[in-house]
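# Chains, contacts and geometry: an overview
The primary structure of each chain is shown beneath.
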Amino acid sequence: MANANQNFYELYRSTSIGQTLADTLDELISSRRIEPQLAMRVMQNFDQNIAAVLGEKVKSRLNFKGHLDTYRFCDEVWTFIIKDVTFKMVDTGQQERADRVKIVACQSKDKPEK
């Protein structure tokens, strides 16, 4: 179990489910049905659990191939911009293409620091 004071990455807040949750919490605050502090706790709980659930429950795998345009490593976060990307699902062989993909990768906070 994670420490209550431990911070988690906020990467998934910009996803459709994260945005929907934030919008819903904003509506509840505006209508005075919840306090802003409760909304902050809900978002922190979302940050903590979304990565864990995705890591445990999602078993699909894919390969991708493309042209690395830009990469950067700053504050323990890798960012890659890949162009002309082809994704291929490992189990079904289904393929999809994208002109540009941004990948953000962070160190897992579950691992003890050295």
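A brief look at the structure comes next.

Both strand β1 (residues 62-74) and strand β2 (residues 77-89) contribute to a ladder of 11 bridges, which runs antiparallel. Bridge pairing in β2 places L68 opposite I82. Hairpin connection of β1 to β2: 2 residues between the antiparallel strands, including D75 at a positive phi of 50 degrees. Remark: 5 residues form the turn of the hairpin made by β2 and strand β3 (residues 95-106), two consecutive strands paired antiparallel; G93 in that turn has positive phi of roughly 80 degrees.

A cluster of nonpolar side chains, L68, Y71, F73 and W78, forms an exposed patch at the surface whose accessible area comes to about 450 Å². Among the elements that line the nonpolar patch, the one with the most residues is β1, at 3 residues. Tracing the backbone shows W78 in strand β2.

On to the nonpolar core, then. Within the largest apolar cluster, 6 residues are counted, these being L25, I34, A39, M43, F46 and I50. In this structure, F46 is in contact with Y12, R13, I17, G18 and L21, ignoring residues within four places of it in sequence.

Each aromatic ring pair is described using two quantities: the centre-to-centre distance and the angle formed by the ring planes. What the rule picks out here adds up to 3 aromatic pairs. Plain terms: the ring middles of F73 and W78 are 4.7 Å apart, the flat faces sit at 40 degrees to each other, and that makes the pair tilted. Taking 5.6 Å as the distance between ring centres and 10 degrees as the angle between the ring planes, the aromatic pair formed by W78 and F80 counts as stacked. In this structure W78 comes out as partly exposed when scored by relative accessible area, which is 35%. An aromatic cluster of at least three residues, connected via ring pairs, comprises F73, W78 and F80.

Parameters at a glance
Residues numbered from 1 in each chain as written. Predicted model: local features only at pLDDT ≥ 70, side-chain atom pairs only at ≥ 80, totals over all residues. Heavy atoms only, no water. Pairing = 2+ DSSP bridges. Helix = DSSP H or I, 4+ residues; strand = E, 2+ residues; numbered from the N terminus. Patch = residues over 30% accessible without salt bridge, like charges linked within 9 Å, V, L, I, M, F, W, Y side chains within 5 Å. Areas by Shrake-Rupley, 256 points an atom, 1.4 Å probe, with all protein chains shown as cover. Salt bridge = Lys/Arg side-chain N within 4 Å of Asp/Glu carboxyl O. Core = buried A, V, L, I, M, F, W, Y, C linked by side-chain atoms within 4.5 Å. Buried < 20%, exposed > 50% of the residue type's maximum accessible area, 1.4 Å probe, protein only. Contact = heavy atoms within 4.5 Å. Phe/Tyr/Trp six-rings, centres within 6.5 Å; stacked < 30°, edge-to-face > 60°.

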